[in-house]
Amino acid sequence: QVQLVESGGGLVQAGGPLRLSCAASGITFRLYVSGWYRQAPGKQRELVATITSGGSINYADSVKGRFTISRDNAKHTVYLQMNSLKPEDTAVYYCNALSWPTGNYNYWGQGTQVTVSS
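In this numbering scheme, every chain counts its residues from 1 along its sequence in written order. Owing to the predicted nature of the model, reporting of local features is limited to residues with pLDDT of at least 70; listing and counting of side-chain atom pairs is limited to 80 or more, with chain, interface and lining totals taken over all residues. With hydrogens and water stripped out, all remaining heavy atoms of the structure feed into the side-chain values.

**Examining the overall build of the chain**
Part 1 of the argument: A run of DSSP states H or I qualifies as a helix once it reaches four residues; a run of E qualifies as a strand once it reaches two. Both are numbered from the N-terminal end. For the chain, the count of helices and strands is 0 helices and 11 strands.
Part 2 of the argument: Reading the helices (α) and strands (β) of the chain from amino to carboxyl end gives β-β-β-β-β-β-β-β-β-β-β.
Part 3 of the argument: Its C-alpha atoms put the chain at 40 × 25 × 25 Å along the principal axes.
Part 4 of the argument: The classification of residues rests on relative accessible area computed with a 1.4 Å probe and restricted to protein chains. Under 20% of the type maximum is buried, over 50% is exposed, and intermediate values are partly exposed. The buried share of the chain, taken over its 118 residues, is 40%.
Part 5 of the argument: Computed with the Shrake-Rupley method and a 1.4 Å probe, the accessible areas treat only the protein chains shown as cover for residues. Of the accessible surface of the chain, which amounts to about 6,300 Å², a share of 48% is contributed by carbon and sulfur atoms.
Part 6 of the argument: Once the 10 positive and 6 negative side-chain charges of the chain are each reduced to a mean point, those two points are 4 Å apart. The charge count includes Lys and Arg as positive and Asp and Glu as negative, but it does not include His or the ends of the chains. Charge placement uses NZ in Lys and CZ in Arg. For Asp and Glu, CG and CD serve respectively.

**Quick word on the state of the cysteines**
Part 1 of the argument: Pairs of cysteine sulfur atoms within 2.5 Å are identified as disulfides in what follows. In total, this model carries 1 disulfide according to the counting rule given.
Part 2 of the argument: The disulfide partner of C22 is C95, and the gap between their sulfur atoms is 2.1 Å. Taking the sign of the S-S torsion, about -85 degrees here, the bridge from C22 to C95 comes out left-handed. Here C22, found in strand 3 (residues 18-25), pairs with C95, found in strand 9 (residues 91-99); they are 73 residues apart in sequence, far enough to count as distant. In this structure, C22 and C95 share a single accessibility class: buried.

Next up, the structure:
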């Protein structure tokens, strides 16, 4: 059974930091691209950042310079360090695992709420 379990969400003041974690089980973690996505109320889910097992990283323009994605392949865990948070970063953040290179398997976590107060 595949599980992606997020943790670390919460309420933070604008300008503050927050760190999300996502622990994966039931998959061969090194064969998957790990990612973070978010969905704000009334908006579509959007990419935040992705990272391959080899460490190649992609960020959405809106978070470049503020967010850092990393992964620990031994612990089957992906992290998202979020700094200089803005109210517009408020959303439910979802962890994703996409098999690479085929993309045949795509898994999501349950989501964790991040709320940034102004």
